[in-house]
Amino acid sequence: MNVGVEGLDPSSIQLIGTAVTPAVMVSGCGILATGLDNQISRITARMRDMVREWRTLPEGHSRRSLLREEVAILDRRHAILARAIGLTYAALLSFVVTSLLYLLRRSVAVPEGLPVMSFSLGVGLLGSTAVLALASLRLSRRAITLEGAELFRDGRPGGPPAP
């Protein structure tokens, strides 16, 4: 009999790793979903503030067009992050299914590759979430650039005037 770490059979260690990994991924998805939800909430609040400001400005005020542009960017970011949180929850479900499939293997004939496919799907969904989060960051930078352009229209402090 081949004995591994501290007298445990290597197959026992493998079983523990197999059982724990999906649970860790579920926790990670939960943390990620919370972070995305916080971002979505901040974007929503910021959009409301900007629309409120837009309504108070007189017709033809130069800031109104900037606010309209920024709200459009925030709307796109909100949609992207909403998709990302949806993918994160789908990944979470995929990892839960993986755990359930491993548990069912004790009493039901579950094809060997099925839990691996379910786990792989979850990993792919998380990769898609990361791509969407990067797209959201790119849009965030675009909105900040618009604000900076307005703020420093007459030149940056200590630097030459803007072109």
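Please read these numbers as outputs of a predicted model, since none were measured by experiment.

**Q** Run through the overall build of the protein, naming residues and quoting values.
**A** On a plain count of helices and strands, the protein comes out with three helices and zero strands. Reading the helices (α) and strands (β) of the protein from amino to carboxyl end gives α-α-α. Sorting the 163 residues of the protein into buried and exposed places 28% on the buried side. The contacts in the protein between residues at least 6 apart in sequence include a share of 71% that link residues at least 24 apart.

**Q** An account of the environment of Asp 49 is requested, with residue identities and associated values reported.
**A** For Asp 49, the position within the fold is in helix α1 (residues 10–56). Since its relative accessible area comes to 38%, Asp 49 is described here as partly exposed. C-alpha separation for the pair Asp 49 and Val 71, spaced 22 residues apart in sequence, amounts to 9.9 Å.

**Q** I'd love a proper account of the environment of Trp 54, names of residues and values included.
**A** If you trace the backbone, Trp 54 turns up in helix α1. Accessibility expressed as a relative area gives 26% for Trp 54, which makes it partly exposed. Taking C-alpha positions, Trp 54 is 9.3 Å from Leu 66, a pair spaced 12 residues apart along the chain. If we skip the residues at most four places from it in the chain, Trp 54 touches Arg 64, Leu 67 and Arg 68.

**Q** Kindly report on the packing of helix α2 (residues 62–104) against helix α3 (residues 113–151), identifying the contributing residues and their values.
**A** Viewed as axis vectors pointing N to C, α2 and α3 meet at an angle of 165 degrees, and their least axial separation amounts to 8 Å. Judged by the inter-axis angle, α2 sits roughly antiparallel to α3. For α2 against α3, the interelement crossing comes out left-handed. Residues of the contact of α2 with α3, tallied by class, amount to 25 nonpolar, nine polar and nine charged.

**Q** If you had to explain the pattern of salt bridges to someone new, which residues and values would you point to?
**A** Under the definition given, this model contains five salt bridges. Across the pair Glu 53 and Arg 63 runs a salt bridge, and its minimum N-O distance is 2.6 Å. Of this pair, Glu 53 sits in helix α1 while Arg 63 sits in helix α2, and the two are 10 residues apart along the sequence. Take Glu 53: its relative accessible area is 25%, and that puts it in the partly exposed class. Note on Arg 63: relative accessible area 13%, which makes it buried. A salt bridge links Arg 63 to Glu 147; the nearest nitrogen and oxygen atoms lie 3.4 Å apart. Of this pair, Arg 63 sits in helix α2 while Glu 147 sits in helix α3, and the two are 84 residues apart along the sequence.

Rules used throughout
Along every chain, residues carry numbers that run from 1 in the direction the sequence is written. Local features are withheld for residues below a pLDDT of 70 in this predicted model, meaning they are given only at 70 or higher, and side-chain atom pairs are given and counted only at 80 or more; totals for whole chains, interfaces and linings count all residues. To get the side-chain values, all heavy atoms of the structure are used, and hydrogens and water are removed first. Note on conventions: DSSP H or I runs of at least 4 residues are helices, E runs of at least 2 residues are strands, and numbering of each starts at the N terminus. Partly exposed describes any residue whose relative accessible area lies between the buried limit of under 20% and the exposed limit of over 50%, with all areas from a 1.4 Å probe on protein chains only and scaled to the type maximum. In what follows, a contact means two residues having at least one pair of non-hydrogen atoms within 4.5 Å. To obtain an axis, a line is fitted to C-alpha atoms, over the contacting stretch when the element is a helix, and the angle between two such axes runs from 0 to 180 degrees between their N-to-C directions. Each angle receives one of four descriptions, namely roughly parallel if under 35 degrees, roughly antiparallel if over 145, roughly perpendicular if within 65 to 115, and oblique otherwise. Helix crossings fall into two classes, left-handed where the near helix is turned counterclockwise from the far one by less than a right angle and right-handed where it is turned clockwise. The residue classification treats Ala, Val, Leu, Ile, Met, Phe, Trp, Tyr, Cys and Pro as nonpolar and Asp, Glu, Lys and Arg as charged. All others, Gly included, are polar. Each salt bridge in this description consists of a side-chain nitrogen of Lys or Arg and a carboxyl oxygen of Asp or Glu lying within 4 Å of one another.

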